[in-house]
Structures are given as C-alpha cells and as structure tokens.
Amino acid sequence: MSENIPEPKGWGDLFAKLPTHPIALAALGIFLVSYLIYSGVIPEENQYWLIGLIALLGGGGMIGYVRSVTPAPPPAPPAVAPPPAPPALQQQSGGGQSPVIAHSGTVHIVYHQPPAVDPLMHQYVEDLRKHLEIQLGNVQNKEEQIRELSRKYEELLISMANREPSADPRSKEVQTALEKRDFATAEQLLRAMVDGGESQVDQVAQNNADLAKVYELRYKPLQALPHWQKAYQYRPENTDYALAYADLLQKQKQYHLATSVYEAALRPLLAQPNPDPVVLSRTLNNLGILYANTQKLTEAETAYREALEIWRKLAEANPDAFRPEVARTLNNLGALYADTHKLTEAETAYREALEIQRELAEANPDAFRPDVAMTLNNLGNLYANTQKLTEAETAYREALEIRRKLAEVNPDAFRPDVATTLNNLGILYQGTQKLTEAETAYREALEIWRKLAEANPDAFRPDVAMTLNNLGVLYKDSQKLTEAETAYREALEIRRTLAEANPDAFRPYVAAILNNLGALYADTQKLTEAEAAYGEALEIQRRLFVHHAQAHGPRLIIYLNNMAKLRDKQGRPQEAEALRREAREVQEKSAAAP
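Computed from a predicted structure; not experimentally measured.

Caption draft 1: Structural detail: the overall build of the protein chain. When helices and strands are tallied, the protein chain shows 25 helices and two strands. When the 594 residues of the protein chain are sorted by exposure, 47% land in the buried category. Look at the contacts in the protein chain between residues 6 or more apart in sequence, and 59% of them connect residues 24 or more apart. Accessible area of the protein chain: about 29900 Å², with a carbon and sulfur share of 54%.

This is the structure in structure tokens:
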C-alpha cells in the first residue's frame, strides 16, 4: 500500500512537502505561471494552454493524492477451517493397550487464497498424497496430514506475498522457489540467511520461522523443531511462533515442554482486554490435551471447560464455523470424564456432541459422518464399561456401519477405524459370551491390521499385537489352548521388538502379555513356564511402579496375586503370603500417591 501523506496545514508545510506532495507541486506551478503571466514574461497567446496544462497537472495530482491517502480495502475476514477428525478411542481387554484420549483437532485461521495459487495447491496436494503413502508414519492420519500441510503451504505463500519488501534479495528468491514448489532451493536459501549473521532480531526470528515451515512442508518435523525454538526464543511474545513451537512439541510427545510453552503463551492472551477468542480457545483446548496426557486431570477439565465456553459463544454468532468445535471439545470432555469415572457427565457430554454432529452430517455428510462414528464408538466404550450392553452394541454397530461405508470410498483413511470398532465389538461379544461373534470380529480386525502393517509396520504392528492378545484371551476362555498360546507368543514377540525401540511406551504391554501367558501356563500345569512369565512381568511392573505408583499400581497388584496363586500351587505358602503382603503395600502406596 502507498505511504499515507498527511494533508498540509499551511504554506510552510506545503513547501516542506514539495519533493513528494502532488497538491504542493500543482499549487507551486499555478503560482509561478500566474506570476510570469502577470509580469509579461509569458506571451499572451501562450497563457491559455499553460493554464490548461497546470489545471490538468493539478487534477492528476489530486487523483494521485486521493489514491495515496485512501487505505487499501480491508482483507476478507478469516475463515475457520474445519479441524481434522480426532482419532477414535480404542478399548482393549486382557492386558491390552489402555484407551487413548480422543484429541480434538486445532483451529487454524485460513486467509483467502489468490487465484494464481490454485493450480499449485492442487498439485501440491496430489504430491502430498503420493509422498505420504511412502514416507509418513501413520496412514490412518494421512488425510489429516494433507489438510494440515496444504494449509501451511497456502499460508506461507500468502504471508510472504503480503510482507514488506526485505533488504535481503534472497527473500524474493525464496518466495519464487516456494511458488514453484522448489522446497529444496527454498531450504538452501533460508539456511544461508539463518547462518548469515543477521543482526535485526525480528528478521532473524522470521527467517528461522520460515525455515521451520519449509522443513515441515518437506516432512521433516525434527529439523523444523530447533528453528521454531529459535524463533520463539528471539520473539517469545509472538503468539504465532509460540503456538507453532508448542504444537510441534506436542506432536513429538514432548509434553512437559509443550505445556510450558502453551502456558507462557496463554498468560499474555489472558492479560489482554479482548484476546482473539479463536486463538485463546485453541490454546486452552491443546493445553487440556496435554494435561490429560500428563495425568493433570483437574487442570485438563478446567482447560476444556473454558475452551468449551468460548466455542459456545462463538457458535452463537457463527454456528457453521464453530459448532464442530463445540462438539469436538465435548467429545474431549467426555473422554476425560470417562477416564476419571465421572460416567454421568461423560454420557451427557458424548450425547450432546453426537446430537450436534448428526445435525452437521445431515448438511455435510462427507465432512461430519466420521465424527458421528467416532462419538458413537466412544459412547459404545462408555456403555460397555457401565454394563449398558444393549446400548453399547447398538452404538458400536452404527459406528461400524458408517465406517464400512467410508472405507469403501477411502480405504486408507478409514480401514483402521473399521478395525478399531470391530475390536471393540469383539470385546463386547466376548463379555456377553457370544464367543463365535467375538472371534469373527477379532479375526476380521486382525486381517485389516496385518495388511496395514505390511505397508506401515511402525504405525500398525502395535494394533496387530493388541488384537492377537485379545484373540488369545478369547481362545483361552473357549478352551482353545493351543491357539491361545500361539496368539500370545506372536503378540509377545511383536511387543518385545517395539519395546526395544521405545521402552517407555511398550514395556507395560510386554508385562501384560507375559502375565496372560503366565495365566495360560498355570491353567495348563506348565508351572515352570508360568513362573518364568509371571516373574518377568513382575520385574517390569515393579520398575514401572517406582516411577508412577498411581498408574502402575493396579496391574502390579494383579501380577503379585497371580504369582501368589502359583506359589500356592507349587507348595510354597510362605512366598505366597509375602507376595500378598506386598500387594497390600502397593495398594496403600497407590492410594496415597499424588
């Protein structure tokens, strides 16, 4: 936009503006011509065309001036992009994985895209789809990743186009490279700019932020992280830098550091008389997720409830944009309430979320049927845990029907959801002694997980192990003991491999499957094998209990009592009593743990 020039207030100001001000130039010209005509320097026959010329210049000057002082039209109000659907809750049995809190998507501000970007965006999205099939870790989240990365690409292009020109000519080269989707060149240029010793702090922060964005667009989040960190360190008051840094920390499961950055970003937002409600509610929502992941459950509830209050107010004014956020935050609250055994509140939250999502799906089924299925699946979990078994089956079956139809159109995105609900139905059928139906559901789920794991083992081998474990429990209950041992041993092999790479995440599941194997061996009188399995499970669980008594105490008590029963079978009552005494001590410590 042109620089605004203040209207002159007197002749002194007018002459001070002679080099740049069009009105001043026109006035001076008229004054000089009038003087020359009056003094006879200009012949009479030339007076009229000179006066006409001066009038023309004056008119042109006035037009230029009006344009210069007229502000550019304001940008169109930002639209809120619907966030990606949260991942579903999975319910496991027989020592399987614990349910995962369904994470709400985050709200992103998307500005109107210049027409010239359209073909680039289309091609970028197509490239993403091809690339994500090969490189990204979780095919289940592929469409979510595409939406997020294409949004970031669009925003970066628009941000660069709208910036003041930089003194560094490489900035324009970076913009040109990005417009051509030449990310390698953009990265090379930005790295040189970052390493070039720029002294202007804002520019250093901006260069690091741009480089971080390019790394993210190139599917290199670990390389992006240190540059978001630098941008944030240089300008911690910049909310965009803080939230981008915290978001990436959260994705990398650096929960404690992400929490501190979000909390730091939240303080100035709350101090503002009129903070941006979308940014504020997004920050609160993500803090709620982090608090839930780190077992700060009271803080999680507070953050979710404050975010929900803001979304409700926004939805009153703009229901199309913000009712999905109301529903997703209600779903998060429902998951939190279920985990903290506030079962009535959980059902209320889930049912309100479901009502909103059903209405949204009537108008836009492609966008909101996945959310309907997710909340039905979560309601099924809640009903199963509260022994409302008929309601649980109804919710699961409707969720499964929706997910099967979605998977017919987009198998990569929705086959994992089909397998999740099949697994949950298997657990429900097993609990109600519908063992044939349970086996059918488990086996179909296992077939899906195996195929997904062939293409993407890092993402889906845990699910293969989970379903094998559940099948093992079913086979044991059905007295198919050979099949049970086979399923358990394959699950154990997978979990041992996973625990080598990520012990914190998978050691609890190694212990769980060892406990299940120990129980099978004890029932089949393989007491030596049972002792070895129970003993290893206890060793793992005792170490876990030292670091987190409340979380790992309940299973440690089960494992201790199982080993005590085995000692009784072996005729070693004193050792059995010592184990039971230890179990009582663990229960007391767990109850007293913060």
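Caption draft 2: Fine view of the environment of Gln430. With respect to the helices and strands, the residue Gln430 is situated in helix 18 (residues 411-431). Side-chain polar atoms of Gln430 contact the side chain of Tyr442, separated by 2.9 Å.

Caption draft 3: Inspection of the environment of Gln188 at higher detail. Relative to the helices and strands, Gln188 is located in helix 7 (residues 183-194). Relative accessible area serves as the criterion here: at 60%, Gln188 is assigned to the exposed category. It is 9.2 Å that separates the C-alpha atoms of Gln188 and Leu211, two residues lying 23 residues apart in sequence.

Caption draft 4: Spatial organisation of the nonpolar core. Among the nonpolar cores identified, the biggest contains 160 residues, and Val174, Leu178, Trp228 and Trp449 are the most heavily contacted of them. In terms of residue count, helix 22 (residues 503-523) provides more of this core than any other element does, 11 residues in total. What Val174 contacts, discounting residues up to four positions off in sequence, is Met160, Ala186, Leu189, Leu190 and Met193.

Caption draft 5: Up close: helix 18. Along its 21 residues, helix 18 runs 29 Å from first to last C-alpha, staying within 8% of the 30 Å computed at 1.5 Å per residue. With 17 of 21 residues buried, helix 18 is to be regarded as a mostly interior element. Gln433 sits one or two residues past helix 18 and shows a positive phi near 65°.

Caption draft 6: Main features of helix 14 (residues 319-339). Under the 1.5 Å per step criterion, the end-to-end length of helix 14 is 30 Å for 21 residues, consistent within 8% with the ideal 30 Å. For helix 14, a buried count of 16 out of 21 residues is recorded, marking the element as mostly surrounded by other parts of the structure. His341 lies just past helix 14 and shows a positive phi near 65°.

Caption draft 7: Examining the side chain of Asp210 more closely. Within the secondary structure, Asp210 is located in helix 8 (residues 201-217). Not counting residues within four places of it along the chain, the set of residues in contact with Asp210 comprises Leu156, Met160, Arg163 and Leu190.

Caption draft 8: Examining the pattern of salt bridges more closely. Under the criterion given, the structure shown has 34 salt bridges. The shortest N-O distance in the salt bridge between Glu187 and Lys220 comes to 3.7 Å. Of the two residues, Glu187 is situated in helix 7 and Lys220 in the loop between helix 8 and helix 9 (221-234); the sequence distance between them amounts to 33 residues. Classification of Glu187 by relative accessible area gives buried; the value is 11%. Between Glu575 and Arg567 there is a salt bridge, with the nearest N and O atoms lying 3.1 Å from each other. The exposure class of Arg567 is buried, given its relative accessible area of 10%. Through salt bridges that share partners, Glu531, Arg567, Arg572 and Glu575 make up one connected network.

Caption draft 9: Expanded view of unusual backbone geometry. Residue Gln387 is not a glycine yet carries a positive backbone phi of 65°. Looking at the element boundaries, Gln387 is found in the loop between helix 16 (365-385) and helix 17 (389-409). For Gln479, which is not a glycine, the phi torsion comes out positive at approximately 65°. Checked against the element boundaries, Gln479 lands in the loop between helix 20 (457-477) and helix 21 (481-501).

Calculation rules
Residues numbered from 1 in each chain as written. Predicted model: local features only at pLDDT ≥ 70, side-chain atom pairs only at ≥ 80, totals over all residues. Heavy atoms only, no water. Helix = DSSP H or I, 4+ residues; strand = E, 2+ residues; numbered from the N terminus. Buried < 20%, exposed > 50% of the residue type's maximum accessible area, 1.4 Å probe, protein only. Contact = heavy atoms within 4.5 Å. Areas by Shrake-Rupley, 256 points an atom, 1.4 Å probe, with all protein chains shown as cover. Polar contact = N/O pair within 3.5 Å; in protein donor to acceptor, adjacent residues only side chain to side chain. Core = buried A, V, L, I, M, F, W, Y, C linked by side-chain atoms within 4.5 Å. Expected span 1.5 Å × (residues − 1). Salt bridge = Lys/Arg side-chain N within 4 Å of Asp/Glu carboxyl O.

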